[in-house]
Amino acid sequence: MRTMTFRIDNMRRILLLANLFTTIIRCTNAFTGPIHHVKVQKYTNSIAAAPVQPTHNNKHVTSLHLLPTAQESVTFVLPSCLTSINTESLIESSSSIATALFQSSGNVALLPSFILNSVLFFLLRSKLITMLTPEGIAHSLALGTMLWATLGWRGWTVCVLYLFLGQIVTKVGFREKEELGIAEKRGGRRGPENVWGSAFTGVLCAAAAANAVKSGVPFLGLSSEVWILGYVASLSTKLADTFASEIGKAYGKTTFLITTLKPVPRGTEGAISLEGTIASVFGGLLLPMYSYFVVGLVNGLDSIAVATLAAFVATMIESLIGATMQEKTGMGWMTNEVVNFFNTLIGASLAIIMGMTLLRI
């Protein structure tokens, strides 16, 4: 029997860490060995752990004692490796986990992706609650898990950058837009409908790219590079649309309806302005540049040009859809979120077509 004694400041920390280690170990199979039932008895200052005689056929019980006087106890599950920590195996296992989670090709197991996203969302919670509704946060967690599992950390960061840039530009001139009644609802915070309206096309492209990488053959006749280009273009399209809309509403001096070119008030569906159009090109350029120069998700400057052009054309088509179909009699189903989905689908489709025909990837 071996006993180890160590000090803690807060009982919650040891329980949280132990359960976190247990979950990660089970998900990644990084550690082997029997699982011990653990009884924790809370005292005042320090804690001692010692395995005792088996109480079941193939299970061990480990008692953790805080010294010197017992106050309360709680039972949870702890892997046997934590009762006799081997530094070398811990480092090796941690390296294996990191390699699995941060491989550049994506195809990360779903459960570890969920755990990592949960930790990251918890660390960023103070910022996220200003950007998303509670339901929006939950759906964004699901979205982030899917993207990390399919495209890895590089594809995940592209979507995170989209979220932050979109939020920043939404706040430009927000007070004036509120006074005019053309500001985003809920103070600019996004809900589930915004999350999926903007990113559902991207998720489909990410899943297709992951399938092509994992199988080693093109998915639906398209290579993983083409699907990734479609993914980047879909988010670039939505960001370009957000830049055009928000900058146009804040600074557009003259806005015209795209179908008639007649002047209309700022915020009118289907309206365009010079300021918003310039902002659209700039916004559509940001994510492709990040994807190439920073994370290397797309290949070549020509991919930047294709994604940016696709985003701009799709944004103009979105304005046309807004002017002719949105808020029209009998078209109640054509909500802003549905328009956003078609917008991103058009952007991704254009990028995929140009990637196949012009870039030949």
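What you see is a predicted model, and the numbers here were worked out from it, not measured in a lab. (Residues numbered from 1 in each chain as written. Predicted model: local features only at pLDDT ≥ 70, side-chain atom pairs only at ≥ 80, totals over all residues. Heavy atoms only, no water.)

### A word on the overall build of the chain
So, step 1. Per the secondary structure count, the chain includes eleven helices and seven strands.
So, step 2. Taken across its 361 residues, the chain has 44% of its residues classed as buried.
So, step 3. Counting only contacts in the chain whose residues sit at least 6 apart along the sequence, the fraction spanning at least 24 positions is 72%.
So, step 4. If you sum the accessible surface of the chain, you get close to 18500 Å²; carbon and sulfur atoms cover 63% of it. (Helix = DSSP H or I, 4+ residues; strand = E, 2+ residues; numbered from the N terminus. Buried < 20%, exposed > 50% of the residue type's maximum accessible area, 1.4 Å probe, protein only. Contact = heavy atoms within 4.5 Å. Areas by Shrake-Rupley, 256 points an atom, 1.4 Å probe, with all protein chains shown as cover.)

### Brief notes about the packing of helix H5 (residues 134-170) against helix H8 (residues 224-251)
So, step 1. Their axes nearest at 9 Å, the elements H5 and H8 cross at an angle of 10 degrees. Classified by the interaxial angle, the pair formed by H5 and H8 is roughly parallel. Along the contact surface, H5 presents Leu147, Leu151, Gly155, Val158, Cys159, Tyr162, Leu165, Gly166, Val169 and Thr170, while H8 presents Ile228, Tyr231, Leu235, Lys238, Leu239, Thr242, Phe243, Glu246 and Ile247.
So, step 2. Here the residues of the contact of H5 with H8 are counted per class, giving 13 nonpolar, four polar and two charged. (Axes fitted to C-alpha atoms, helices over the stretch in contact; angles between N-to-C directions. Parallel < 35°, antiparallel > 145°, perpendicular 65-115°, else oblique. Nonpolar A, V, L, I, M, F, W, Y, C, P; charged D, E, K, R; others polar.)

### Description of H8
Given 3.6 residues to a turn, an α-helix orients residues that are three or four positions apart in the same direction.
So, step 1. Under the 1.5 Å per step criterion, the end-to-end length of H8 is 40 Å for 28 residues, consistent within 8% with the ideal 40 Å.
So, step 2. The buried count for H8 comes to 25 of 28 residues, which makes it a mostly enclosed element. (Expected span 1.5 Å × (residues − 1).)

### Some thoughts on the packing of H8 against helix H10 (residues 301-324)
So, step 1. Contact geometry of H8 with H10 gives a least axis separation of 8 Å together with a crossing angle of 50 degrees. Viewed along their axes, H8 and H10 adopt a mutual orientation that is oblique. H8 and H10 meet at a crossing whose hand is right-handed. On the side of H8, the interface is formed by Leu229, Ala233, Ser236, Thr237, Ala240, Asp241 and Ala244, while H10 contributes Ser303, Val306, Ala307, Ala310, Ala311, Ala314, Thr315 and Glu318.
So, step 2. Taken together, the residues of the contact of H8 with H10 break down into nine nonpolar, four polar and two charged. (Left-handed = near helix turned anticlockwise from the far one by under 90°.)

### A look at the environment of Ser273
So, step 1. Assignment of secondary structure puts Ser273 in strand E7 (residues 271-273).
So, step 2. Expressed as a C-alpha distance, the spacing of Ser273 and Ile247, which sit 26 residues apart in the sequence, is 9.3 Å.

### A few points about a nonpolar patch on the surface
So, step 1. Together, Val119, Phe122, Leu123 and Leu124 make up a nonpolar patch on the protein surface, roughly 370 Å² of accessible area in all.
So, step 2. Residue classification places Leu123 among the exposed residues on the basis of a relative accessible area of 57%. (Patch = residues over 30% accessible without salt bridge, like charges linked within 9 Å, V, L, I, M, F, W, Y side chains within 5 Å. Salt bridge = Lys/Arg side-chain N within 4 Å of Asp/Glu carboxyl O.)

### Let's talk about the packing of aromatic side chains
So, step 1. In total, this model carries six aromatic pairs according to the counting rule given.
So, step 2. Through a chain of ring-to-ring contacts, the aromatic side chains of Phe200, Phe341 and Phe342 assemble into a single cluster.
So, step 3. The aromatic ring of Phe174 is capped on one face by Lys171, whose charged end is 4.6 Å from the ring centroid. (Phe/Tyr/Trp six-rings, centres within 6.5 Å; stacked < 30°, edge-to-face > 60°. Lys NZ or Arg CZ within 6 Å of the ring centre and 35° of its normal.)

### So, the nonpolar core
Inside soluble globular proteins, nonpolar side chains tend to come together where they are buried.
So, step 1. Of all hydrophobic cores here, the largest spans 38 residues; its most connected members are Leu143, Leu147, Val158, Trp227, Tyr231, Leu235 and Leu297.
So, step 2. Of all the secondary structure elements, the ones that give two or more residues to this core are H5, helix H7 (192-215), H8, helix H9 (274-294) and helix H11 (336-359).
So, step 3. Formed by eight residues, the second largest nonpolar core is a distinct cluster that contains Leu229, Ala233, Val306 and Ala351. (Core = buried A, V, L, I, M, F, W, Y, C linked by side-chain atoms within 4.5 Å.)

### Section: the side chain of Asn340
So, step 1. Looking at the element boundaries, Asn340 is found in helix H11.
So, step 2. With residues near it in sequence (within four places) discarded, Asn340 still touches Gly197, Lys238 and Asp241.

### Regarding unusual backbone geometry
So, step 1. Phi is positive for Arg186, close to 60 degrees, though the residue is something other than glycine.
So, step 2. Mapped onto the fold, Arg186 is located in the loop between helix H6 (174-180) and H7.
So, step 3. Here the phi dihedral of Leu220 falls at roughly 55 degrees; this positive angle occurs in a residue that is not glycine.
So, step 4. The residue Leu220 is located in the loop between H7 and H8 in this model.

### A look at the environment of Tyr292
So, step 1. Structurally, the position occupied by Tyr292 is in helix H9.
So, step 2. For the pair Tyr292 and Ser303, spaced eleven residues apart in sequence, the C-alpha separation works out to 8.2 Å.
So, step 3. Each residue touching Tyr292, except ones within four places of it in the same chain, is listed here: Val298, Asn299, Gly300, Leu301 and Ile304.

### Some words on the side chain of Asn117
So, step 1. As for its position among the elements, Asn117 is in helix H3 (residues 110-123).
So, step 2. Of the polar contacts made by the side chain of Asn117, one reaches the backbone oxygen of Gly144; its length is 3.4 Å.
So, step 3. Residues contacting Asn117, with those up to four places away along its chain left out, are Leu141, Gly144, Thr145, Trp148 and Trp156. (Polar contact = N/O pair within 3.5 Å; in protein donor to acceptor, adjacent residues only side chain to side chain.)

### Points about the confidence of the model for the chain
So, step 1. For the chain, mean pLDDT is 80; residues scoring 70 or higher make up 70% of the total.
So, step 2. Between the elements of the chain, mean pLDDT differs from a low of 38, seen in strand E1 (residues 4-7), to a high of 97, seen in H9.
So, step 3. Predicted confidence is poor over residues 1-18, with pLDDT under 50, and the contacts of this stretch with residues over four places away or in other chains come to 34 contacts. (pLDDT = per-residue confidence, 0-100.)

### Overview of the pattern of salt bridges
So, step 1. One pass over the structure, following the stated rule, counts five salt bridges.
So, step 2. The partner of Glu193 in a salt bridge is Arg186, and the shortest N-O contact between them spans 2.8 Å.
So, step 3. Here Lys238 ties to Asp241 by a salt bridge, and the two come within 3.4 Å at their closest N and O atoms. Pair noted here: Lys238 and Asp241 are both in helix H8, with a separation of three residues, about one helical turn.

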